[in-house]
Amino acid sequence: MSLEMMKIRLKADAEQIEFFLQHCLEQVDMPARLKESMLYSLMAGGKRLRPVLCIAVAELFGARREEVLPFAAGLEFIHTYSLVHDDLPAMDDDDLRRGKPTNHKVYGEAMAILTGDALL
């Protein structure tokens, strides 16, 4: 597979994963502000490499993408939780993540803690 074809596949896979992540959150009944905060961090960008690799390895062993997608999404939820909590004032106290204000800067420290916990 050429480098250009790999880039196209990675982009397509990342888009599918992002759609699925949003779908997952839409299915859960929760306060609107918490959902907004979760989406803010979850959709902040990134290559979605962890879930893409999860799907690719599973497909190598014969699993269907639809069967693996929930597990791949789970990896991204966990990864995003770790970033939200790592950015907190009591941890690294970062102001920016991927060029945007961190969750606790936008939603406050308490909401960022709840957001991370909810993502986990």
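Basis of the calculations
- Residues numbered from 1 in each chain as written.
- Predicted model: local features only at pLDDT ≥ 70, side-chain atom pairs only at ≥ 80, totals over all residues.
- Heavy atoms only, no water.
- 1 Å grid on protein atoms, 1.4 Å probe; cavity = no way out; pocket = protein on both sides within 12 Å on 5 of 7 lines; lining within 4 Å.
- Points joined across faces, edges and corners; volume = space filled by probe spheres on them.
- Helix = DSSP H or I, 4+ residues; strand = E, 2+ residues; numbered from the N terminus.
- Nonpolar A, V, L, I, M, F, W, Y, C, P; charged D, E, K, R; others polar.
- Axes fitted to C-alpha atoms, helices over the stretch in contact; angles between N-to-C directions.
- Parallel < 35°, antiparallel > 145°, perpendicular 65-115°, else oblique.
- Left-handed = near helix turned anticlockwise from the far one by under 90°.
- Contact = heavy atoms within 4.5 Å.
- Disulfide = S-S within 2.5 Å.
- Buried < 20%, exposed > 50% of the residue type's maximum accessible area, 1.4 Å probe, protein only.
- Expected span 1.5 Å × (residues − 1).
- Patch = residues over 30% accessible without salt bridge, like charges linked within 9 Å, V, L, I, M, F, W, Y side chains within 5 Å.
- Areas by Shrake-Rupley, 256 points an atom, 1.4 Å probe, with all protein chains shown as cover.
- Salt bridge = Lys/Arg side-chain N within 4 Å of Asp/Glu carboxyl O.

Draft legend 1. Examining the layout of surface pockets more closely. In this model, the largest pocket occupies a volume close to 180 Å³. Contributing to the lining of the largest pocket are Met1, Met6, Arg9, Leu10, Asp13, Leu49, Val52, Leu53 and Ala56. Mapped by element, the contributors of at least two residues to the lining of the largest pocket are helix H1 (3-26) and helix H3 (49-60). Its residues assigned to classes, the lining of the largest pocket comprises seven nonpolar, no polar and two charged.

Draft legend 2. Summary view of the packing of helix H4 (residues 65-86) against helix H6 (residues 109-119). Viewed as axis vectors pointing N to C, H4 and H6 meet at an angle of 160 degrees, and their least axial separation amounts to 8 Å. Taken together, the axes of H4 and H6 are roughly antiparallel relative to one another. Handedness of the crossing formed by H4 with H6: left-handed. On H6, the residues that touch Phe77, Thr80, Tyr81, Val84 and His85 of H4 are Ala112, Ile113, Gly116, Asp117 and Leu119.

Draft legend 3. Spotlight on the state of the cysteines. Inspection of every chain in the model, using the stated rule, returns zero disulfides. Distance from the sulfur of Cys24, which forms no disulfide, to the nearest cysteine sulfur (Cys54) is 13 Å. On the basis of relative accessible area, Cys54 is assigned to the partly exposed category, the value being 22%.

Draft legend 4. Main features of empty space enclosed by the protein. By the definition in use, this model includes one cavity of 30 Å³ or more. Along the walls of the largest cavity sit 13 residues, with Ser41, Ala44, Val84, Asp87 and Arg97 positioned nearest its centre. Elements with a contribution of two residues or more to the lining of the largest cavity: helix H2 (32-42), H4 and strand E2 (100-101). No other element matches H4, which puts three residues into the lining of the largest cavity. The residue inventory of the lining of the largest cavity, partitioned by class, reads five nonpolar, four polar and four charged.

Draft legend 5. Structural detail: H1. Over its 24 residues, H1 runs 35 Å from end to end, which matches the ideal 34 Å to within 8%, given 1.5 Å per residue. Among the residues of H1, those classed as buried are Asp13, Ala14, Ile17, Phe20, Leu21 and Leu25. Looking at the buried side of H1, the elements it contacts are H2, H3 and H4.

Draft legend 6. Geometry of a nonpolar patch on the surface. Together, Met1, Met5 and Met6 make up an exposed nonpolar region whose accessible area comes to about 350 Å². Along the chain, Met1 turns up in the segment before H1.

Draft legend 7. Fine view of unusual backbone geometry. Phi angles above zero are rare outside glycine, and Arg48 is one such case at about 60 degrees. Mapping Arg48 onto the fold places it in the loop between H2 and H3. On the accessibility criterion, Arg48 (3% relative accessible area) is buried. With a phi angle near 55 degrees, Arg98 is a residue other than glycine that sits in the positive phi range. When its relative accessible area of 42% is taken as the criterion, Arg98 is described as partly exposed.

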